[in-house]
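# Tertiary structure, described
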Amino acid sequence: QVQLVESGGGLVQAGGSLRLSCATSGDRFSSYAMGWFRQTPGKEREFVAHISWSGVYRYYTDSVKGRFTISRDNVKNTVYLQMNNLKPEDTAVYYCAVTQKRSIDYARRDAYDYWGQGTQVTVSS
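For every chain, the first residue of the written sequence is number 1, and numbering continues from 1 onward in sequence order. Side-chain atom pairs in this predicted model are given and counted only at pLDDT of 80 or more, local residue features only at pLDDT of at least 70, and totals for whole chains, interfaces and linings cover all residues. As a convention, hydrogens and water are excluded, and side-chain values are obtained from all of the structure's heavy atoms.

## A few points about the overall build of the protein
If you tally the helices and strands in the protein, you get zero helices and 11 strands. Counting from the N terminus, the helices are DSSP H or I runs at least four residues long and the strands are E runs at least two residues long. The N-to-C order of helical and strand elements in the protein reads β-β-β-β-β-β-β-β-β-β-β. Its C-alpha atoms give the protein a radius of gyration of 13 Å, within 12% of the compact-globule value 14 Å for 125 residues. The buried share of the protein, reckoned over its 125 residues, is 42%. Summarising the internal contacts of the protein: among those between residues at least 6 apart in sequence, 56% fall at separations of at least 24. Approximately 6,500 Å² of the protein is accessible, and the part contributed by carbon and sulfur atoms is 46%. Note on charges: Lys and Arg go in the positive column, Asp and Glu in the negative column, and His and the chain ends are not counted at all. Charge placement uses NZ in Lys and CZ in Arg. For Asp and Glu, CG and CD serve respectively. Computing the positive centroid from 15 side-chain charges and the negative centroid from 11, the protein places the two 3 Å apart. Throughout, the radius of gyration refers to the C-alpha atoms, and the reference size of a globule is 2.2 Å times the residue count to the power 0.38. Only protein chains enter the accessibility calculation, which uses a 1.4 Å probe. A residue is then buried if its area is under 20% of the maximum for its type, exposed if over 50%, and partly exposed in between. Contact definition: two residues touch when any of their heavy atoms are within 4.5 Å. Reported accessibility uses the Shrake-Rupley method at a 1.4 Å probe radius. Residues are deemed covered only where the shown protein chains occlude them.

Here is the structure:
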């Protein structure tokens, strides 16, 4: 069982920045690929970003490319999502997730094995 705890959410004005963190338990963090998803009420949880276990490969949904950056620290067992130039449409609960699978479709929710509890991000206009 892997436990994930997100932090760093909050209220920010449009154009501002936030950095989300996701601390992960266990001693196999460096072998996990990680993802960030987000969800708004009444909508499906959608893919935001993914980082491979090595950190070499990173993928983003089109709407956040150039504004969000996913990174990881394999010493601190933590994955980050730096969010710049935030827009009101980025308002959502953000979830991190971990997968132990290889050769996955990283944008699919069912590719991930464990999820955090989520952190709220609210962007005011």
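## Overview of the nonpolar core
M34, W36, L81, M83 and Y94 are the most contacted members of the largest nonpolar core, which totals 27 residues. Counting only elements with at least two residues in this core, the list comes to β3 (18-24), β4 (33-39), β5 (46-51), β7 (68-73), β8 (78-83), β9 (92-99) and β11 (119-124). The contacts of L81, once residues within four sequence positions are left out, are L18, R19, L20, W36, V48, A49, F68, T69, I70 and Y94. Core analysis: the next-biggest nonpolar cluster, separate from the first, contains five residues, F37, F47, A111 and Y112 among them. For this analysis, a nonpolar core means a set of buried residues of the types Ala, Val, Leu, Ile, Met, Phe, Trp, Tyr and Cys, connected via side-chain atoms within 4.5 Å.

## Let's talk about the packing of aromatic side chains
Two rings belonging to Phe, Tyr or Trp (six-membered ring only in the last case) form a pair when the distance between their centres is within 6.5 Å. Interplanar angles under 30 degrees mark stacking, angles over 60 mark edge-to-face geometry, and anything in between is tilted. Evaluation of the coordinates by the stated rule reveals six aromatic pairs. Ring centres of F37 and W115 lie 5.0 Å apart, and the angle between their planes is 65 degrees; on these two criteria the pair is classed as edge-to-face. Placement of the pair is F37 in strand β4 and W115 in strand β10 (residues 114-115), with a sequence separation of 78 residues. When its relative accessible area of 0% is taken as the criterion, F37 is described as buried. Here W115 falls in the partly exposed class, since its relative accessible area comes to 27%. These aromatic residues form a ring-pair network of at least three members: F37, F47, Y59, Y106, Y112 and W115.

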